[in-house]
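Fold and geometry: a report
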There are 2 protein chains.
Amino acid sequence: MPDMDVRTICPDDLELVCRHREAMFQEAGFAADTLRTMTLHFRDWLRPRLLDGRYFGFLLMNGRRPVAGIGLMLIDWPPHPAHPEQSQRGYVLNVYVDPLHRKRGLARQLMAMAEAEFAQRGATFAVLHATEAGRPLYHRQGWRQTSEMSKTIAAPTSTSAKA
Amino acid sequence: MPDMDVRTICPDDLELVCRHREAMFQEAGFAADTLRTMTLHFRDWLRPRLLDGRYFGFLLMNGRRPVAGIGLMLIDWPPHPAHPEQSQRGYVLNVYVDPLHRKRGLARQLMAMAEAEFAQRGATFAVLHATEAGRPLYHRQGWRQTSEMSKTIAAPTSTSAKA
């Protein structure tokens with residue numbers, strides 16, 4: 001286990017979390033202008049959720065410098081065969097390790113902390129969306145592909161917009 | 001297009017939606033006792049969401065008898081490269097067609113209505129979880145596999161439970 005201090009994410013980490021999210025998606029190949037737009041809106045989305053604790057998580061510190069982070073949420077979800085008594089799921093997002101600190105097990109350490117935190121909060125099932133780079137790590141830790149599908153929705157036609 | 005009347009889901013459809021959800025998962029192979037537990041909790045989860053409209057959707061009616069249904073939600077989601085300006089996603093759930101009325105395009109019709117409804121409500125991106133039986137239909141309509149992964153979370157150990 002690397003000898004890094006751990007601290008919980010707090011409202012002052014707003015810009016750090018935004019940077020981690022943008023860097024993660026940039027490395028996954030998304031266009032810079034899309035990511036600038038995303039971060040503009042993500043910051044406004046994140047601010048109140050850091051303040052009231054709906055968004056929580058951990059940072060690994062190299063002295064005073066955060067070098068890796070993970071975001072966590074409990075999201076409202078209809079009771080499902082995978083969690084028949086619960087109307088929540090854990091959600092893991094914005095897993096990011098500074099390039100200079102990779103291949104040292106930091107992401108694995110953050111994921112173990114995430115599972116422990118979900119367990120403490122009573123969540124029995126969790127999901128995440130993996131980048132291609134992250135998928136093998138998650139798979140080694142027991143995460144499996146789900147059946148989720150997505151689609152970009154076309155804007156309303158002029159006819160239906162009048163309805 | 002089949003000649004079925006359409007109506008929107010309303011609070012009186014609580015039991016019908018529960019039956020559709022349970023039948024859908026039963027056909028997907030989940031155990032009956034798991035599904036009974038799920039429905040017990042799903043009903044309590046659904047009731048307030050039908051009342052305030054957070055859960056909405058459509059039924060296809062054969063006269064006075066609903067023979068197919070679809071549930072829809074707008075779920076809070078961090079702005080993402082697929083919807084950089086929006087903090088919501090459409091979610092499709094509980095798509096169910098009575099066995100006697102299959103192979104007539106009813107699910108396709110419900111999905112087209114779902115997309116139009118999301119578009120009217122301003123959602124530009126939507127997700128769903130497909131059963132094996134449903135996947136080919138969704139794929140034909142342009143839905144694609146996402147990178148979502150899931151894991152069942154172990155209960156806290158006795159040591160950490162004391163923390």
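Just so it is clear, the structure is predicted and the values come from calculations on it, not from any experiment. (Residues numbered from 1 in each chain as written. Chains lettered and ligands numbered in written order. Predicted model: local features only at pLDDT ≥ 70, side-chain atom pairs only at ≥ 80, totals over all residues. Heavy atoms only, no water.)

**Re the packing of helix H1 (residues 14–27) of chain B against helix H2 (residues 32–52) of chain B**
Residues and elements named next belong to chain B. At a minimum axis distance of 9 Å, the contact between H1 and H2 shows a crossing angle of 140 degrees. Our classification of the angle between H1 and H2 gives oblique. For the element pair H1 and H2, the recorded crossing hand is right-handed. Taking contact as the criterion, the partners of Leu14, Glu15, Val17, Cys18, Arg21, Glu22, Phe25 and Gln26 in H1 are, on H2, Leu35, Arg36, Met38, Thr39, Phe42, Arg43, Leu46, Arg47 and Leu50. Its residues assigned to classes, the contact of H1 with H2 shows 9 nonpolar, 2 polar and 6 charged. (Axes fitted to C-alpha atoms, helices over the stretch in contact; angles between N-to-C directions. Helix = DSSP H or I, 4+ residues; strand = E, 2+ residues; numbered from the N terminus. Parallel < 35°, antiparallel > 145°, perpendicular 65-115°, else oblique. Left-handed = near helix turned anticlockwise from the far one by under 90°. Contact = heavy atoms within 4.5 Å. Nonpolar A, V, L, I, M, F, W, Y, C, P; charged D, E, K, R; others polar.)

**Description of the sheet that holds strand E1 (residues 5–8) of chain A**
Hydrogen bonds between backbone atoms are what pair the strands of a sheet, whose relative direction is either parallel or antiparallel. Strands sit in the order E1(A)-E2(A)-E3(A)-E4(A)-E5(A)-E7(B)-E6(A) across an open sheet of 7 strands; the sheet is mixed. Two strands in the sheet have a free side with no partner beyond their single neighbour: E1 and strand E6 (144–145) of chain A. Summarising the sheet, strand E3 (residues 65–76) of chain A and strand E4 (residues 88–97) of chain A pair through 8 bridges and their orientation is antiparallel. Within E4 of chain A, the residue paired with methionine 73 of chain A across the bridge is tyrosine 91 of chain A. In the packing of helix H1 (residues 14–27) of chain A onto the sheet, the strands contacted are strand E2 (56–62), E3 and E4 of chain A, and the crossing angle to E4 of chain A comes to about 80 degrees. (Pairing = 2+ DSSP bridges.)

**Notes on the environment of methionine 4 of chain B**
Residues and elements named next belong to chain B. Within the secondary structure layout, methionine 4 lies in the segment before strand E1 (5–8). Note on methionine 4: relative accessible area 9%, which makes it buried. Sequence-wise, methionine 4 and glycine 29 are 25 residues apart; in three dimensions their C-alpha atoms are separated by 29 Å. In this structure, methionine 4 is in contact with Leu60, Met61, Asn62, Val67, His101, Arg104 and Leu106, ignoring residues within four places of it in sequence. (Buried < 20%, exposed > 50% of the residue type's maximum accessible area, 1.4 Å probe, protein only.)

**Section: the sheet that holds strand E4 (residues 88–97) of chain B**
On the basis of which strands lie adjacent, the open sheet formed by 7 strands has the order E1(B)-E2(B)-E3(B)-E4(B)-E5(B)-E7(A)-E6(B) and mixed pairing. The two strands at the open ends of the sheet, each matched to only one other strand, are E1 and strand E6 (144–145) of chain B. Two elements, strand E2 (residues 56–62) of chain B and strand E3 (residues 65–76) of chain B, share 7 bridges in a ladder whose sense is antiparallel. Following the sheet pairing, asparagine 62 of chain B is matched in E3 of chain B by arginine 65 of chain B. Across the sheet, helix H3 (residues 106–120) of chain B is in contact with strand E7 (148–152) of chain A together with E1, E2, E3, E4 and strand E5 (125–129) of chain B; its angle to E3 of chain B comes to roughly 35 degrees.

**A few points about the interface of chain A and chain B**
The figure often quoted for interface size is the accessible area lost as the parts come together. Chain A puts 57 residues into the contact, and the matching count from chain B is 57 residues. Together, the buried faces of chain A and chain B total about 5,200 Å²; carbon and sulfur atoms form 61% of this surface. On the chain A side of the interface with chain B, the three residues burying the most area are Met149, Lys151 and Ile153 of chain A, jointly 16% of the side's total. Here chain A is connected to chain B by 4 salt bridges. (Buried area = accessible area lost by both parts, 1.4 Å probe. Salt bridge = Lys/Arg side-chain N within 4 Å of Asp/Glu carboxyl O.)

**A short note on the packing of aromatic side chains**
Following the criterion strictly, the structure yields 6 aromatic pairs over all chains and no others. Ring geometry for phenylalanine 42 of chain A against tryptophan 45 of chain A: centres 5.6 Å apart, planes inclined by 25 degrees, an arrangement best described as stacked. Of this pair, phenylalanine 42 of chain A and tryptophan 45 of chain A both sit in helix H2 (residues 32–52), 3 residues apart, which is roughly one turn of the helix. For phenylalanine 42 of chain A, a relative accessible area of 0% puts it in the buried group. When its relative accessible area of 4% is taken as the criterion, tryptophan 45 of chain A is described as buried. Note on tyrosine 91 of chain A and tryptophan 77 of chain B: the rings are 4.8 Å apart at their centroids and 55 degrees apart in plane angle, and the pair reads as tilted. Of this pair, tyrosine 91 of chain A sits in strand E4 while tryptophan 77 of chain B is found in the loop between E3 and E4, placing the two residues in two different chains. Across the pair, tryptophan 77 of chain B and tyrosine 91 of chain A agree in class, each one buried. In this structure, arginine 21 of chain B packs its charged tip against the face of phenylalanine 42 of chain B, placed 4.7 Å from the ring centre. (Phe/Tyr/Trp six-rings, centres within 6.5 Å; stacked < 30°, edge-to-face > 60°. Lys NZ or Arg CZ within 6 Å of the ring centre and 35° of its normal.)

**Here's the deal with the side chain of histidine 83 of chain A**
All names here are of chain A. As for its position among the elements, histidine 83 is in the loop between E3 and E4. According to the relative accessible area criterion, histidine 83 is buried, its value standing at 1%. In this structure the side chain of histidine 83 is engaged in a polar contact, spanning 2.9 Å, whose partner is the side chain of arginine 89. Apart from residues no more than four positions distant in its own chain, histidine 83 is found in contact with Trp77, Pro78, Gln88, Arg89, Thr124 and Phe125. (Polar contact = N/O pair within 3.5 Å; in protein donor to acceptor, adjacent residues only side chain to side chain.)

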